[in-house]
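Structural overview for review
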Amino acid sequence: MMNAEFRISKKAEIVNQKLYILMSNLFIPNPKEAESIHILREVAAQFERPVLLFSGGKDSITLVRLAQKAFFPAKIPFPLLHVDTGHNFPETIEFRDKLVEELGLELIVRNVQDAIDQGKVREERGRYASRNSLQTTTLLDAIEEFKFDACIGGARRDEEKARAKERVFSVRDDFGQWDEKNQRPELFDMLNGKIHLGQNVRVFPISNWTELDVWEYIRTENIEIPSIYFAHKRDVFFRDGLIWTANEHVFREEHEEVVEKWVRFRTVGDMTCTAAVLSEALSLDDVVAEIRESTISERGARIDDKRSEAAMETRKKVGYF
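Remember, predicted model here, so these are calculated numbers, not experimental data.

**Quick notes on the packing of helix H2 (residues 31–46) against helix H3 (residues 58–71)**
Their axes nearest at 9 Å, the elements H2 and H3 cross at an angle of 70°. Looking at the two axes, H2 sits roughly perpendicular to H3. Contact residues: Glu 33, Ser 36, Ile 37, Leu 40, Arg 41 and Ala 44 in H2; Leu 63, Leu 66, Ala 67, Lys 69, Ala 70 and Phe 71 in H3.

See below:
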């Protein structure tokens, strides 16, 4: 009798635990989503002219969804800024324009080509030539043009060691430069947006997310993303163990043979510095499973991070994203 009563009480306890978990999931949001929404609302409250840096990649698309939730039912209260290298993947640009039109967002586009034409920057030549680092000048010019005091970006601490040094509110001086030793402590969810004249802040609402967190959120929210994130046939060539898009903008030696392969992209940037990975992932479930099994970082396919041990940190110190 005692054993029967024990089994019944134990079963009731398990049922109550399951009900508690179910109700918690219904009424308590994803903790990382809640944190990101809090950060976005703090940006709107503390800054006069914020902007969301938008590349058309998965992280900035996730930021747009988070901003929608943060300010619903109102529209997102700040514009999107895309610094276009002119060497972006066409699928990304098409997706950007489609998203902006569907959501009725304000989009500002500034082009690296203009800075080249004006003699502000010099285009690289040769085997590893890329416009990626040239975006810095165009970004700083846009910040000055529109007097933006907060630039919201999709960088995450798990991406790269220099990213891990960033605060959520990361102060830039009046030259747009970043000094990792001169950042404010951030205690709990207390974010200090006070800045001096000429300074601006880079804000990273998904700083504490991982690549897998982003993909699982995209799957849960059923967020549309550019097709290049899924496996597709593409003309590519192999160099230095990486897979490059065969395109007029991407330098290729005569002996580097173009072949057609099933590939996808884990990260989206300038096509001259962003390599693909062999993949058969055709759905979000496939992508999530692939990321779980991956043994290399997503930025392992970004050649601009391989130029030196401190390549990212060097770029960030002069104003890079």
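**Quick look at the sheet that holds strand E9 (residues 259–264)**
The four strands lie next to each other as E8-E7-E9-E10, forming an open sheet whose pairing is antiparallel. One side of each edge strand has no neighbouring strand; the edge strands of this open sheet are strand E8 (242–245) and strand E10 (277–278). Where strand E7 (residues 232–239) meets E8, four bridges bridge the pair, whose relative direction is antiparallel. Residue pairing in the sheet places Phe 237 in a bridge with Trp 244 of E8.

**Describing the environment of Pro 79**
Following the sequence through the fold, Pro 79 ends up in the loop between H3 and strand E2 (80–84). The spacing of Pro 79 and Leu 53 is 26 residues in sequence and 8.8 Å in space, taken between C-alpha atoms. Once you skip the residues sitting within four places of it in the chain, Pro 79 turns out to touch Pro 50, Val 51, Leu 52, Glu 106, Ile 108 and Phe 148.

Cut-off values and rules
Residues numbered from 1 in each chain as written. Predicted model: local features only at pLDDT ≥ 70, side-chain atom pairs only at ≥ 80, totals over all residues. Heavy atoms only, no water. Axes fitted to C-alpha atoms, helices over the stretch in contact; angles between N-to-C directions. Helix = DSSP H or I, 4+ residues; strand = E, 2+ residues; numbered from the N terminus. Parallel < 35°, antiparallel > 145°, perpendicular 65-115°, else oblique. Contact = heavy atoms within 4.5 Å. Pairing = 2+ DSSP bridges.

Function cannot be inferred from these measures alone, as they are strictly geometric.
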